[in-house]
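Commentary on secondary and tertiary structure
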Protein chains: 2
Amino acid sequence: MKAAILSIGEELTSGQCVDTNSAWLSQSLIALGLTVTRHLTVADDLEAIEAAFRESMVGTDLVIATGGLGPTPDDLTREALAKALGVTLEHSEVAEAQIRAFFERWGKRFRDSNLGQARMPLGCTVLENARGTAPGIYFDGPACRVFVLPGVPSEMKPMFERHVAPGLSGTGSVTISAAVRCFGLSEADLGDRLADMMVRTRNPLIGVTASGAILTVRAKATGCSGIEARRLIDADLDEIRTRIAERVFGSGADGLEDAVAKLLLESGQTLATAESCTGGLLAKRLTDVPGSSAFFLSGAISYANQAKVDLLGVPAGLIESEGAVSEAVARSMGVGCRSSARSDYALAITGIAGPDGGLSPEKPVGLVFIALATESGCDVRRCLFGDHLSRCEIRGRAVNVALDMLRLRLLRPAC
Amino acid sequence: MKAAILSIGEELTSGQCVDTNSAWLSQSLIALGLTVTRHLTVADDLEAIEAAFRESMVGTDLVIATGGLGPTPDDLTREALAKALGVTLEHSEVAEAQIRAFFERWGKRFRDSNLGQARMPLGCTVLENARGTAPGIYFDGPACRVFVLPGVPSEMKPMFERHVAPGLSGTGSVTISAAVRCFGLSEADLGDRLADMMVRTRNPLIGVTASGAILTVRAKATGCSGIEARRLIDADLDEIRTRIAERVFGSGADGLEDAVAKLLLESGQTLATAESCTGGLLAKRLTDVPGSSAFFLSGAISYANQAKVDLLGVPAGLIESEGAVSEAVARSMGVGCRSSARSDYALAITGIAGPDGGLSPEKPVGLVFIALATESGCDVRRCLFGDHLSRCEIRGRAVNVALDMLRLRLLRPAC
């Protein structure tokens, strides 16, 4: 069963927003065994949306559209779908009742402008929105089914799960995707290790992408049944894990923080962090993980030099003699952080994320020292992230290296 | 001049990656005066890519494609473009020399698998990649120009700026986009205030989108010249700012942290943060701003109760009697943070981000207390973010409210 995804919004074609809905919908549809053939995005233009609906419905079994269901005059999806289907747009009592109920539940005032959201193409079904004011739309066509969902992700996702997913299943061959994530080797090196598995006619089909020095190896398997597809993909994932060994840190969309969290939870050990140039990103990534309070004790963001002294006990004289960005200060931050937090491990980061602040040819933008303090001492790693990286990328890579140092330590406690 | 954007990658159609390149390219093309009509995304499938190139070239002056130029066998864009153009794929000495030079510069080993990246469709021009191994491709067609850039954003962006942007300019009517960002009012309320400006036949065209309780009002103006379009859009932005007043916090893609940073830099004042449930996100957002070291002194992430006592001087008895998630503890965190950091302001956040950890009907998931400590005292705001929001959304909204509290205080110092 083939599906096409259509995203509607001037904010998308103008690039003022990044389209995250299409990725989420693709994942959800693939998990249900469908194949997603394309994503198309058009602006809030009546003719463009109408044409996009018509085009997306050709050669596909299912169209999922998002966006343009709001209460403001730039929300034209209802009208464009009616035109594409050749029907009129009518007021729906069902939709109005749902919108009024939503306002009542949250104690908010219903406005006449919200009435426009109750207009529906004739012959379509209203889909209730539990999280917002925009009802969704379902058209059960003879060749192609069309669902229109709100563009706001927190409204779109539950509507998909409640009203779309249950009707999609059992469709001939099944395609399953899975991924493993690796850190610490180059894309070409990885490609060489997996070359024989990456032949384009092979099933599963294997691909590699890179982002922030994290490599993702994706496998897509097709089988007559979910069990067969799963068997094919599991065999490949096992083989990939064997070839890449401990460079593999997770699967799916796992981050290095998920791998670290899992290992800390398993060992019952605790962590504290001390950050300068990464400004809280390391702690933020770790506490993105639900349940992180079981291992994450505290973080200190010692942005100013005085804060390094006050929060972490770094000697002021050391900062003066070695500089705030130095191996010695990273070590002192790590040891001080572990000691004051009374944690099993501490990670400390000090560096120059740029764009300004390069101190000298010896201390350029991109120089970062990362310390891992443990009961047996403190390892410090010096990283020089190239000047082709942005502030944001340097911060992200520094956090990845820090997390990977701890991950490898937790995997090899004897070292 | 019309442009279409084509993104290539199984990781995109499968939803395993979000496509950020298309948004960035749209912004860049619109800034140069072009109109972006659509984004299309297809998988790493030779026939699908070839068809997508053909389709994208119809009725447009320019196609910018990204992705599929890597060294692994799933990188098929070179071959698909050659097929779409009806030419052969040949080895390029120029491309090979560029790839070898890149490896030498970064002291990395050239692999035979990288030779595949030096193959080019006949008649196309090689575009040098200063940041990676994948050269870009330029085809100067009679009706439509095609640029193919690497999918990795840190390689794609500089290549666009160096090799694509300089050739695009001076194309009849000019379209300009701009946006203002607001916080603290509902989408329907905003729509009512701007209703007369949002008529779809009007120039500039005004639209509204919502994300994490931040509303973005976008204006798109078309004129015979850049000056005329700019005049139209500036008049509208002034009118919008008048109607929404201090609820407007910025323009373009500004975050609340940018507004706070600007006000703190102007006033020469300093800030420290104390975070529990947001786990560093507030500090991370503030230090995302380049130059934030001028106002951001330090942050304490007091995830464990003991850390609230040790880092912020919150009395252990207070945590016991009131609970860690309480107005009193938020106040104590704020006052303690400001005092220990010796900053002008301190923001403190304590709450329950979920998905677990709801303590009682009185203290459910989504309950967050936010304190702003100043020289004249400490304001605490109680927020109840609905259970329809995820952990990530609750954390993001809490940070937005905290930043907005400080922003309004900095705008109205007398209050």
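Residues numbered from 1 in each chain as written. Chains lettered and ligands numbered in written order. Predicted model: local features only at pLDDT ≥ 70, side-chain atom pairs only at ≥ 80, totals over all residues.

**Examining the overall build of chain A**
- Along the backbone of chain A there are 14 helices and 17 strands.
- For chain A, the C-alpha atoms occupy an extent of roughly 75 × 55 × 40 Å along the three principal directions.
- In chain A, once contacts between residues fewer than 6 apart in sequence are set aside, the share between residues at least 24 apart is 65%. (Helix = DSSP H or I, 4+ residues; strand = E, 2+ residues; numbered from the N terminus. Contact = placed C-beta atoms within 7 Å.)

**Points about the packing of helix α3 (residues 46–57) of chain A against helix α4 (residues 77–85) of chain A**
All names here are of chain A.
- With their axes 8 Å apart at the nearest point, α3 and α4 run at an angle of 50 degrees to one another. Classed by the angle they form, the pair α3 and α4 counts as oblique. Along this stretch, α3 crosses α4, giving a crossing that reads as right-handed. Residues Leu46, Ile49, Glu50, Phe53 and Arg54 of α3 form the contact with α4, whose own contacting residues are Thr77, Glu79, Ala80, Leu81, Lys83 and Ala84. (Axes fitted to C-alpha atoms, helices over the stretch in contact; angles between N-to-C directions. Parallel < 35°, antiparallel > 145°, perpendicular 65-115°, else oblique. Left-handed = near helix turned anticlockwise from the far one by under 90°.)

**Describing unusual backbone geometry**
All names here are of chain A.
- Put simply, asparagine 203 and proline 204 share a cis peptide bond, and its omega is 0 degrees.
- Along the chain, proline 204 turns up in the loop between α7 (187–193) and β10 (205–211).
- Of the consecutive residues glycine 354 and proline 355, the connecting peptide bond is found in the cis state with omega at 0 degrees.
- With a phi close to 50 degrees, alanine 245 is a non-glycine residue in the positive phi region.
- Mapping alanine 245 onto the fold places it in the loop between α8 (226–244) and β12 (248–251).

**A closer look at the sheet that holds strand β9 (residues 174–183) of chain A**
Residue and element names in this part refer to chain A.
- On the basis of which strands lie adjacent, the open sheet formed by four strands has the order β10-β11-β9-β12 and antiparallel pairing. Here the strands that pair on one side only, and so sit at the sheet edges, are β10 and β12. The average angle at which neighbouring strand axes cross in this sheet is 25 degrees, direction not considered.
- Two elements, β9 and β12, share three bridges in a ladder whose sense is antiparallel. Its bridge partner lying in β12, arginine 181 is registered against glycine 250. (Pairing = 2+ DSSP bridges.)

**Overview of the nonpolar core**
- One finds Ile370 and Ala402 of chain A together with Ile370 and Ala402 of chain B to be the most contacted residues of the largest nonpolar core, which totals 164 residues.
- With residues near it in sequence (within four places) discarded, isoleucine 370 of chain A still touches Ala330, Ile349, Val380, Arg381, Cys383, Ala398, Val401, Ala402 and Met405 of chain A.
- If you look at the next biggest cluster of nonpolar residues, it comprises 94 residues, including Ala4 of chain A together with Val42, Met57 and Val152 of chain B. (Core = buried A, V, L, I, M, F, W, Y, C linked by C-beta atoms within 7 Å. Buried ≥ 20, exposed ≤ 12 C-beta atoms within 10 Å, placed from the backbone.)

**Quick look at the pairing of strand β15 (residues 345–351) of chain A**
All names here are of chain A.
- Counting buried positions over the seven residues of β15 gives seven, a clear majority of the element.
- What you see with β15 is no split at all: Tyr345, Leu347, Ile349 and Gly351 on one side and Ala346, Ala348 and Thr350 on the other are buried throughout.
- Relative to β15, strand β13 (residues 271–275) is paired through five bridges, and the arrangement is parallel. Pairing of glutamate 275 across the sheet is with isoleucine 349, part of β15.
- Across six bridges, the pairing between β15 and strand β16 (residues 367–374) is antiparallel. Within the sheet, the bridge partner assigned to isoleucine 349 lies in β16 and is isoleucine 370.

**Observations concerning the relation of the copies chain B and chain A**
- Its rotation angle being 180 degrees, the transformation that places chain B on chain A also includes 0.0 Å of axial translation and leaves an RMSD of 0.0 Å. Seen this way, the second copy is the image of the first under a two-fold rotation axis.
- Comparing interface residues between copies, 100% of those in chain B also lie at the interface in chain A; the contact surface is shared. (Least-squares fit on C-alpha atoms with pLDDT ≥ 70 in both.)

**As for the sheet that holds strand β12 (residues 248–251) of chain B**
All names here are of chain B.
- Reading across the sheet, the four strands line up as β10-β11-β9-β12 and stay open at both edges, with antiparallel pairing between neighbours. Every other strand in the sheet has two partners, leaving β10 (205–211) and β12 as the edge strands with one partner each. Neighbouring strand axes in the sheet, compared pairwise and without regard to direction, differ in orientation by 25 degrees on average.
- As defined by bridge partners, β10 adjoins strand β11 (residues 214–223) across seven bridges and the pair is classed as antiparallel. Counted as the bridge partner of valine 208 is valine 217 from β11.
- Sitting on the sheet, helix α8 (residues 226–244) touches β9 (174–183), β10, β11 and β12, and the angle it makes with β9 is about 15 degrees.

**Some thoughts on α4 of chain A**
Residue and element names in this part refer to chain A.
- By the criterion of burial, α4 is predominantly enclosed, with seven of the nine residues buried.
- Of the positions making up α4, those classed as buried are Thr77, Arg78, Ala80, Leu81, Ala82, Lys83 and Ala84.
- Looking one or two residues past α4, glycine 86 carries a phi angle of roughly 70 degrees, positive in sign.

**Overview of the environment of arginine 218 of chain B**
- By the secondary structure assignment, arginine 218 of chain B is in strand β11.
- Sequence separation between arginine 218 of chain B and leucine 256 of chain B is 38 residues, and the spatial gap between their C-alpha atoms is 17 Å.
- Excluding its chain neighbours within four sequence positions, the residues that come into contact with arginine 218 of chain B are Glu10, Glu11, Ser14 and Gln16 of chain A together with Ser177, Ala179 and Gly207 of chain B.

**Re the environment of leucine 185 of chain A**
Residues and elements named next belong to chain A.
- Position of leucine 185 among the secondary structure elements: in the loop between β9 and α7.
- Once the C-alpha coordinates of leucine 185 and arginine 247 are considered, the two residues, 62 residues apart in sequence, prove to be 7.6 Å apart.
- Setting aside residues up to four positions removed in sequence, leucine 185 forms contacts with Leu190 and Arg247.

**Brief notes about the interface of chain B and chain A**
- Taken together, the 83 residues of chain B in the interface contact 84 residues of chain A.
- Considering each element in turn, the side of chain B that touches chain A owes the most residues, seven residues, to strand β14 (residues 296–302) of chain B.
- Here the side of chain B that touches chain A is composed, by residue class, of 34 nonpolar, 30 polar and 19 charged.
- Two strands pair when backbone bridges link them, and strand β2 (residues 35–42) of chain A and strand β2 (residues 35–42) of chain B are joined in this way by three bridges, in the antiparallel orientation. What sits directly across from leucine 40 of chain A, in β2 of chain B, is leucine 40 of chain B. (Nonpolar A, V, L, I, M, F, W, Y, C, P; charged D, E, K, R; others polar.)

**Let's talk about the pairing of strand β7 (residues 136–140) of chain B**
Residues and elements named next belong to chain B.
- The pairing of strand β6 (residues 125–127) with β7 spans three bridges and is antiparallel. In the sheet register, threonine 125 faces β7, and the bridge partner there is tyrosine 138.
- Where β7 and strand β8 (residues 145–149) come together, four bridges link them in antiparallel fashion. Directly across from isoleucine 137, in β8, lies its bridge partner valine 148.
- Here β7 hands over to β8 after four residues, the two strands then running antiparallel side by side.

**Structural notes on helix α9 (residues 256–267) of chain A**
All names here are of chain A.
- In this model α9 runs 17 Å from its N-terminal to its C-terminal C-alpha over twelve residues, within 8% of the 16 Å that 1.5 Å per residue would give.
- Those residues of α9 that sit buried are Leu256, Glu257, Asp258, Ala259, Val260, Ala261 and Leu264.
- Those residues of α9 that are buried lie in contact with β9, β12, β13, α10 (281–287) and α14 (391–411). (Expected span 1.5 Å × (residues − 1).)

**Quick look at the environment of alanine 348 of chain B**
Residues and elements named next belong to chain B.
- Among the secondary structure elements, alanine 348 is positioned in strand β15 (residues 345–351).
- With 33 C-beta atoms counted inside 10 Å, the residue alanine 348 sits in the buried group.
- For the pair alanine 348 and glutamate 11, spaced 337 residues apart in sequence, the C-alpha to C-alpha distance is 39 Å.
- With residues up to four places along the chain from it excluded, the contact list for alanine 348 reads Ala274, Ala330, Met333, Gly334, Cys337 and Ala371.

**Focus on the confidence of the model for chain A**
- Chain-level statistics for chain A give a pLDDT mean of 91 and a share of 98% at 70 or above.
- For this predicted complex, the interface confidence comes out at an ipTM of 0.73, alongside a pTM of 0.75. (pLDDT = per-residue confidence, 0-100.)

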